[in-house]
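Inside the fold
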Amino acid sequence: MIPAQFDYVAPATLEEALTALADGGDDAKIIAGGQSLLPVLRMRLNAPEMVIDLGKIESLRGVRDDGESIVIGATTTHAEVLTNPLVRENAFVIIKAAEQLADPQVRHRGTFGGALAHADPAGDLGAPCLALDAEFVIAGPAGTRTVAADDFFVDLFTTALDEGEILTEVRIPKRPGWGAHYEKFVRVAHQWPIVAVAAAVKVDGGTISEARVGLTNMGSTPLRARSVEAALVGKPATDEAVRAAAASAADGTNPPSDLNGDADYRRHLATVLTRRAVLAAAGS
Ligand SMILES: Cc1cc2nc3c(=O)[nH]c(=O)nc-3n(C[C@H](O)[C@H](O)[C@H](O)COP(=O)(O)OP(=O)(O)OC[C@H]3O[C@@H](n4cnc5c(N)ncnc54)[C@H](O)[C@@H]3O)c2cc1C
């Protein structure tokens, strides 16, 4: 279908974009890469009167080193993230997730911030952001605020972004001494994850001293596998110990059932992928 008619603006600054968003109110919608929004408009599931394109705002694009963190601008494309040396050096688990996200065409148009703001529960980037303890920087009419990854994902396709706000960047703390890994299960290439797991662990002298595990598609938002995290700390980074801890990966989750697998299958996958991700993270 052809989308309903809308006005289009492409502001050059964040301030202009925020003003356009405030002026448009309920009838305005942000577009970044358009990979999720355009299908929605074409199906007429949403019919904004004003579409505000972030693509010309230079300050929202690129990756920079901020000392303690690396900062990924919201409109940095997945393809740009994938080839960025700072991300490769400090957040390799993001590379692992982004290289399996969709296909090359989507990765060249879709953006890091757009995927996170869209908040599809099967999206590949939420769980790595949870595992890396990322922070989301949000600009709005009242100024700028920072939201922890744990608080950003609120519900299905719903985030902490309020009306009139724009996600500007994601800050990922550098964590020397940590290893991280992403395990995604799909039936065919370029598929959304049936289940995926991002694990980040710190190993001191063969013992896991800290652990963060994020789950994809095990509920309406990306989730922390907190019982696994608690069970891992103080244990040796061995197959036996990690397998035992990963057995509780599905605790407190509410996975969907669909043609790709029912909820029980996903619960089983979560335990298997968690074991693999943690062992790989511990060895990386
Ligand atoms: C064929 C196909 C396969 C895909 N497969 C996968 C996959 O396997 N894994 C995966 O994770 N994703 C997948 N995606 C989605 C992909 O990651 C998109 O890039 C992403 O969902 C949306 O990013 P975008 O920049 O295109 O956002 P847009 O489509 O432009 O926007 C999406 C939503 O986010 C809002 N938004 C965008 N940017 C901001 C911002 N900075 N601040 C506030 N709100 C904002 C928009 O208003 C809109 O509501 C797939 C997409 C397609 C088309």
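These figures come from a predicted structure and were not determined experimentally.

Points about a negative patch on the surface
Taken together, the side chains of Asp 7, Asp 26, Asp 27, Glu 49 and Glu 163 present a region of like negative charge at the surface. Among the secondary structure elements, Glu 49 is positioned in the loop between α2 (37-42) and β3 (50-53).

Considerations on helix α11 (residues 239-246)
Of the residues making up α11, those classed as buried are Ala 241, Val 242, Ala 245 and Ala 246. Projection of α11 onto a plane perpendicular to its axis shows the buried side chains occupying an angular sector of 130 degrees, all on one side. Opposite the buried face of α11, by more than 90 degrees, sit the exposed residues Glu 240 and Ala 244. Of the surrounding elements, those touching the buried residues of α11 are β13 (207-216), α10 (226-232) and α12 (263-283).

Things to note about the environment of Pro 3
Along the chain, Pro 3 turns up in the segment before β1 (7-9). Accessibility expressed as a relative area gives 23% for Pro 3, which makes it partly exposed. When the C-alpha positions of Pro 3 and Pro 48 are compared, they lie 9.7 Å apart, and in sequence the two are 45 residues distant. Not counting residues up to four positions away in its chain, the partners in contact with Pro 3 are Leu 41, Arg 42 and Arg 44.

Considering unusual backbone geometry
Notably, Asp 133 is not glycine yet its phi reads approximately 60 degrees, a positive angle. You can see Asp 133 is positioned in the loop between α8 (126-131) and β6 (135-140). Residue class for Asp 133 comes out partly exposed when judged on its relative accessible area of 27%. A positive phi angle, near 65 degrees, is found at Asn 217, a position not held by glycine.

Remarks on the sheet that holds β3
Two orientations exist for strands paired in a sheet by backbone hydrogen bonds: parallel and antiparallel. Across the sheet, which stays open at both edges, the three strands sit in the order β1-β3-β2 with parallel pairing between neighbours. Of all the strands in the sheet, just β1 and β2 (28-31) have a single pairing partner and so form its edges. Mean inter-strand twist for the sheet, computed between neighbouring axes without regard to direction, equals 25 degrees. Across four bridges, β2 lies against β3 in parallel orientation. Across the sheet, Ile 30 pairs through a bridge with Ile 52, a residue of β3.

Criteria and cut-off values
Residue numbers here run from 1 along each chain, matching the order of that chain's written sequence. With pLDDT at 70 or above as the cut-off, local features in this predicted model cover only qualifying residues; side-chain atom pairs require 80 or more to be listed or tallied, and sums for whole chains, interfaces and linings still use all residues. Side-chain descriptors were evaluated using all non-hydrogen atoms of the structure, hydrogens and water having been removed beforehand. Patch definition: residues above 30% relative accessible area lacking any salt bridge, with like charges linked at up to 9 Å and the nonpolar side chains Val, Leu, Ile, Met, Phe, Trp and Tyr linked at up to 5 Å. A 1.4 Å probe and the Shrake-Rupley method give the accessible areas. Residues count as covered only by the protein chains that appear here. Any Lys or Arg side-chain nitrogen found within 4 Å of a carboxyl oxygen on Asp or Glu counts as a salt bridge. By the counting scheme adopted, Arg and Lys are positive, Glu and Asp are negative, and His together with the chain ends is not counted. Note on charges: their place is set at NZ of Lys, CZ of Arg, CG of Asp or CD of Glu. Secondary structure follows DSSP: runs of H or I at least 4 residues long count as helices, runs of E at least 2 residues long count as strands, and numbering of each begins at the N terminus. Each residue is assigned to one of three classes by its accessible area relative to the maximum for its type, calculated with a 1.4 Å probe on protein chains only: buried under 20%, partly exposed between the two thresholds, exposed over 50%. Starting at the helix axis, one direction is taken to each C-beta atom, and the arc is that of these directions. Whether two residues are in contact is decided by their heavy atoms: any pair within 4.5 Å suffices. Here, a strand pair is defined by DSSP locating no fewer than two bridges between the strands. Simply put, an axis is a line fit to the C-alpha atoms, just over the touching stretch for a helix, and the angle between two N-to-C directions goes from 0 to 180 degrees.

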